[in-house]
Amino acid sequence: MASQNDQFTSLPAARQLRRMRAFYTAGVVLWTASSIWTGWDSPGSRPMWTSLLLLAVFAALLGLACNWLRGVDGDGEAKPAHHAAPRRAPAIRHTSA
């Protein structure tokens, strides 16, 4: 059975975290623009507070995704890289008959 740390150090997990980080970044940009627009149009309204709440949620999710990705990417730095032994051409051996 794999340890708990092994499931987070895989390449697919890091790739998924990068995708989610991009999605959350787009959400933060969208809800920032929406909050500014709604705050300018009708300050103190319910849609403005909803936009600010969703901005806070996406910002928190972006922070968590960045933190987890830093942890996944940081695991490889602590361990030495494993390299395969170099391949050598097979030596030609002649046997006497």
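To be clear, the structure that these remarks concern was listed above.
Residues numbered from 1 in each chain as written. Predicted model: local features only at pLDDT ≥ 70, side-chain atom pairs only at ≥ 80, totals over all residues. Heavy atoms only, no water.

Q: Kindly report on the overall build of the chain, identifying the contributing residues and their values.
A: Of the regular secondary structure elements, the chain holds two helices and zero strands. Counting the 97 residues in the chain, one finds 18% classified as buried. When contacts within the chain are restricted to residue pairs at least 6 apart in sequence, long-range pairs at least 24 apart make up 65% of them. Accessible surface computed for the chain: about 8,300 Å², of which carbon and sulfur atoms make up 64%. (Helix = DSSP H or I, 4+ residues; strand = E, 2+ residues; numbered from the N terminus. Buried < 20%, exposed > 50% of the residue type's maximum accessible area, 1.4 Å probe, protein only. Contact = heavy atoms within 4.5 Å. Areas by Shrake-Rupley, 256 points an atom, 1.4 Å probe, with all protein chains shown as cover.)

Q: Any chance you could break down the environment of P47 for me, citing the residues and the numbers?
A: Among the secondary structure elements, P47 is positioned in helix 2 (residues 46–78). Relative accessible area serves as the criterion here: at 49%, P47 is assigned to the partly exposed category. Sequence separation between P47 and S34 is 13 residues, and the spatial gap between their C-alpha atoms is 9.2 Å.

Q: How would you summarise the side chain of T38 if you had to cite specific residues and measurements?
A: Relative to the assigned elements, T38 resides in helix 1 (residues 11–41). A polar contact of 2.7 Å, which involves the side chain of T38, links it to the backbone oxygen of S34. In this structure, T38 is in contact with P43, S45, P47, M48 and S51, ignoring residues within four places of it in sequence. (Polar contact = N/O pair within 3.5 Å; in protein donor to acceptor, adjacent residues only side chain to side chain.)

Q: Provide a residue-level description of the nonpolar core, including the pertinent values.
A: Counting residues in each nonpolar core, the largest one holds six residues, listed as Y24, V28, L55, F58, L62 and A65. Residue assignment for this core shows that the elements contributing at least two residues are helix 1 and helix 2. Per element, the largest residue contribution to this core is four residues, and it comes from helix 2. (Core = buried A, V, L, I, M, F, W, Y, C linked by side-chain atoms within 4.5 Å.)

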